[in-house]
Amino acid sequence: GKVWRRLPEGASCNMLDTVPALNKLVHLEHLSLHDNQLTALPELADCTVLRTLRVDRNPLRALPILPPSLRVLHLEGCPLGGTLAHPEQLPVQVRALSQLEDLQLPDGSRVGEFFGTPLGSLLSATACGSSTD
């Protein structure tokens, strides 16, 4: 199969529905796949220097294990669960990322170190204030 060195940038009508394996791209730092038709992503755990992942506005059903090196993750418009009011509904792969500086939630809200609302603090506050209904 074809291995992409660089995915198309700036296209407003991308129609990708699959992405080839990226696990051999160990030096990959930024991956922008927003505005496509992706329902799944390839494994990314071996992309240990990946800092930015933009998958906003894709019909993703699930996420793979994400590398802890991620600092920017955009999920706006993805039907994955999780809002500013209910961050505990984010996929476990996202909740595990303690070093996110910029997390765009599926509902478009933005949290993270950069915005003064670290995800860990948000999850802790939600857990402390959760009800049993």
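As a reminder, the structure under discussion sits directly above these lines.
Everything in this summary refers to the structure shown in the same document. The written sequence of each chain sets the order in which its residues are numbered from 1. Thresholds applied to this predicted model are a pLDDT of at least 70 for local features of residues and 80 or more for the giving and counting of side-chain atom pairs; totals over whole chains, interfaces and linings are not thresholded and use all residues. Computation of side-chain values: all heavy atoms of the structure, hydrogens and water removed.

**Focus: the nonpolar core**
- Membership of the largest hydrophobic core comes to 30 residues, with the highest contact counts inside it found for L53, L66, L73, V94 and L103.
- If you tally residues by element for this core, the top one is helix α2 (residues 119-128), at three residues. Joining through side-chain atoms within 4.5 Å is the link that ties buried Ala, Val, Leu, Ile, Met, Phe, Trp, Tyr and Cys residues into a set, and such a set is a nonpolar core. Only protein chains enter the accessibility calculation, which uses a 1.4 Å probe; a residue whose area is less than 20% of its type maximum is buried, one above 50% is exposed, and one in between is partly exposed. Helix and strand definitions follow DSSP, with helices as H or I runs of at least four residues and strands as E runs of at least two, each counted in order from the N terminus.

**What about the pattern of salt bridges?**
- Any Lys or Arg side-chain nitrogen found within 4 Å of a carboxyl oxygen on Asp or Glu counts as a salt bridge. One pass over the full model with this rule turns up five salt bridges.
- The closest approach of N and O atoms between D35 and R57, which form a salt bridge, is 2.6 Å. Linking D35 in the loop between β1 (30-32) and β2 (52-54) with R57 in the loop between β2 and β3 (72-74), this pair joins segments that are 22 residues apart in sequence.
- Here R57 falls in the partly exposed class, since its relative accessible area comes to 34%.

**Observations regarding unusual backbone geometry**
- Phi is positive for D35, which is not a glycine, with a value near 60°.
- Take D35: its relative accessible area is 22%, and that puts it in the partly exposed class.

By themselves, these figures tell us nothing about what the structure is for.
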